[in-house]
Amino acid sequence: MAINYKELGLSSTPELFKKAVAGGYAIPAYNFNNLEQMQAIIQACVETKSPVILQVSAGARKYANATLLRNMAKGAVEYAKELGYEIPVVLHLDHGDTFELCKDCIDNGFSSVMIDGSHHSYEENVALTSKVVEYAHAHGVAVEGELGVLAGVEDDVVAEESTYTRPEEVEDFVKRTGVDSLAISIGTSHGAHKFTPEQCTKNEDGVLVPPPLKFDILEEIEKRIPGFPIVLHGSSSVPQEHVATINEFGGALKAAIGIPEDQLRQAAKSAVCKINIDSDGRLAMTAAVRKVMAENPGEFDPRKYLGPARDILKDLYMQKNINVLGSAEKA
Ligand SMILES: O=C(CO)COP(=O)(O)O
Ligand SMILES: O=C[C@H](O)COP(=O)(O)O
Ligand SMILES: [Zn+2]
Ligand SMILES: [Zn+2]
């Protein structure tokens, strides 16, 4: 039997996006696969009074089980209340690649789905996205589409090179598909290895800075679809202290540079109203686990290393909400 997201106390995105676009901030979309990630996300967003989008990838569903994830999201709504402040919680499918997967999520309590048809031809993308929108809207669920391809790995699809979104396509795409929000490609990419040091230049403080995002493309898109909710994927900043901790305690990460926070801050002020962050959380948790393991070789209670990992993750997300996305105090 199908379960509608309203039964789970979850929120839908259109109202939240409208407020975020008007208010010049972005709602955090954090991926989760397990209990500790979910706890950290909810704790951080309750403490900062931020709305939140809990994102589940196809890989997360395979890893954690769809029934458990749905009940965790339901629990997250109650958990937030228990922590003392009610925040809107969205359960969103990240990078859905087929109609069947989107339908399954809609029938299992998701309040928002992404259909990522950007790896198909334009006309195939329009057809696939329209089909998902038709089913989703009949169930009160909002849909995120994508135009343009991000570099990096997403659910086992590797794109070597990015293709920027073509502003001349957005109006037609939005009109013909009926999507509620649009993910665009303006120079961000998935994963921890977005830029090598060789691709960066040093600023006056000696910090390596990657090529700037294509804000001209974003502006052109905003001109063509004024006020339409825009989504930025691949928005991790790759905190260098966590990379250093991982490598200090036995890791072997290559030098990697992410998206500078000031560029995300700038994007959040525009029609970009949802910013996706996953890799930074993975780095933070891994750094904490490696450090605890290395410093306490006799420890074998998972709570002793997953607990500190959860705490570091919570700090990271609080900092993002307050200093980068501007979503704090907006719930
Ligand atoms: O876009 C993302 C999830 O959809 C995550 O991006 P990052 O890999 O930069 O965290
Ligand atoms: O875009 C990709 C997200 O970071 C999810 O990654 P995943 O497919 O490994 O769960
Ligand atoms: Zn994609
Ligand atoms: Zn993504």
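The structure this text deals with has already been given above.
Residues numbered from 1 in each chain as written. Chains lettered and ligands numbered in written order. Predicted model: local features only at pLDDT ≥ 70, side-chain atom pairs only at ≥ 80, totals over all residues. Heavy atoms only, no water.

*Asks:* Is there a simple way to think about the layout of surface pockets in this case?
*Replies:* Where empty space is left can be seen by rolling a probe of water-molecule size over the atoms. When its volume is computed, the second largest pocket comes out at roughly 420 Å³. Lining the second largest pocket are 24 residues, with Ser237, Val238, Pro239, Gln240 and Pro260 positioned closest to its centre. Considering each element in turn, the lining of the second largest pocket owes the most residues, five residues, to helix H12 (residues 302–325). Looking at side-chain class alone, the lining of the second largest pocket contains 11 nonpolar, seven polar and six charged residues. (1 Å grid on protein atoms, 1.4 Å probe; cavity = no way out; pocket = protein on both sides within 12 Å on 5 of 7 lines; lining within 4 Å. Points joined across faces, edges and corners; volume = space filled by probe spheres on them. Helix = DSSP H or I, 4+ residues; strand = E, 2+ residues; numbered from the N terminus. Nonpolar A, V, L, I, M, F, W, Y, C, P; charged D, E, K, R; others polar.)

*Asks:* Explain the coordination of the zinc ion (ligand 4) here, please?
*Replies:* By definition of the ideal shapes, a tetrahedral metal site with four donors has angles of 109.5 degrees and an octahedral site with six donors has angles of 90 or 180 degrees. For the zinc ion (ligand 4), the protein coordination sphere consists of His95 (NE2), His190 (NE2) and His233 (ND1), at 2.0 to 2.1 Å. Donor residues binding the zinc ion (ligand 4) come from one chain and are separated in sequence as H-x94-H-x42-H. Residue His190 is located in the loop between strand S8 (181–184) and strand S9 (201–202), and its partner His233 is located in the loop between strand S11 (230–232) and helix H9 (240–248); the two are separated by 43 residues in the primary sequence. For the pair His190 and His233, a shared accessibility class is recorded, and that class is buried. (Donors = N, O, S within 2.8 Å, 3.2 Å for Na, K, Ca; no water. Buried < 20%, exposed > 50% of the residue type's maximum accessible area, 1.4 Å probe, protein only.)

*Asks:* I keep staring at the sheet that holds S8 and nothing clicks. Help me out?
*Replies:* With parallel pairing, eight strands are arranged side by side around a closed barrel as S1-S2-S3-S4-S5-S8-S11-S12. When strand polarity is set aside, the average angle formed by the axes of neighbouring strands in this sheet is 25°. The pairing of strand S4 (residues 112–115) with strand S5 (residues 142–147) spans three bridges and is classified as parallel. Across the sheet, the residue bridging to Val113 is Val143, located in S5. Against the sheet, helix H2 (residues 35–47) touches strand S1 (27–31), strand S2 (52–57) and strand S3 (89–96), its axis set at about 165° to S1. (Pairing = 2+ DSSP bridges. Axes fitted to C-alpha atoms, helices over the stretch in contact; angles between N-to-C directions. Contact = heavy atoms within 4.5 Å.)

*Asks:* Would you take a moment to explain unusual backbone geometry for this structure?
*Replies:* Where the residue is not glycine, phi is negative for most of them; where a peptide bond is considered, it is trans in most cases. Positive phi is not limited to glycine here, since Lys49 has a value of about 55°. Inspection of the secondary structure puts Lys49 in the loop between H2 and S2. By relative accessible area, which is 30% here, Lys49 ends up partly exposed. Unlike most non-glycine residues, Glu329 shows phi in positive territory, near 70°. Summarising the element assignment, Glu329 is placed in the segment after H12.

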